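Listed below are the residues making up each chain.
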Amino acid sequence: ENPACLWARISDPSTPLAVTLAAFDAQWSENQVQVTWDTVSEISNLGFNLYRSETADQLGELITAQMIPSQSPGALQGYSYSFVDSNVTAGHTYWYTLEDVDMSGFATQHGPVSA
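Basis of the calculations
- Residues numbered from 1 in each chain as written.
- Predicted model: local features only at pLDDT ≥ 70, side-chain atom pairs only at ≥ 80, totals over all residues.
- Heavy atoms only, no water.
- Patch = residues over 30% accessible without salt bridge, like charges linked within 9 Å, V, L, I, M, F, W, Y side chains within 5 Å.
- Areas by Shrake-Rupley, 256 points an atom, 1.4 Å probe, with all protein chains shown as cover.
- Salt bridge = Lys/Arg side-chain N within 4 Å of Asp/Glu carboxyl O.
- Helix = DSSP H or I, 4+ residues; strand = E, 2+ residues; numbered from the N terminus.
- Buried < 20%, exposed > 50% of the residue type's maximum accessible area, 1.4 Å probe, protein only.
- Pairing = 2+ DSSP bridges.
- Axes fitted to C-alpha atoms, helices over the stretch in contact; angles between N-to-C directions.

Asks: Looking at this model, I keep getting lost on a nonpolar patch on the surface. Mind explaining?
Replies: Residues L46, M67 and M103 make up a contiguous nonpolar surface patch of about 260 Å² in total accessible area. As for its position among the elements, L46 is in strand 3 (residues 45-53). The class for L46 is partly exposed, based on a relative accessible area of 39%.

Shown next as structure tokens:
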């Protein structure tokens, strides 16, 4: 896609975002981190990728083996999601970034949140 067209689509306030989040959180639960998010709507959403970093200023590594699929692409209603990250070390702080991917392949990042 032409970068100028992409910028126009991103910056046009009349174009709805693929995903509107109500909540995005990460919490320790025993020796793992549970990452949760709730959507308000998922217009043209294919799914989600989740990244983990040990610093707030880096995207870090992709920790989802495959995209977490949207509960209902194109839905005007929201859904609740969760992912358990067991590849962590107790006592460390981790930062998580959520990425939604729309049907045209455009990705939007949310966060980061820490645990």
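Asks: Before we go on, may I ask you to explain the sheet that holds strand 2 (residues 32-42) in this structure?
Replies: Note on sheets: strands pair through backbone hydrogen bonds, and any given pair is parallel or antiparallel. One open sheet accounts for three strands, arranged 1-2-6; its pairing is antiparallel. For this open sheet the edge positions go to strand 1 (19-29) and strand 6 (80-85), each flanked by a neighbour on one side alone. If you compare each strand with its neighbour and ignore which way they point, the axes differ by 15° on average.

These figures come from the coordinates and say nothing about function on their own.
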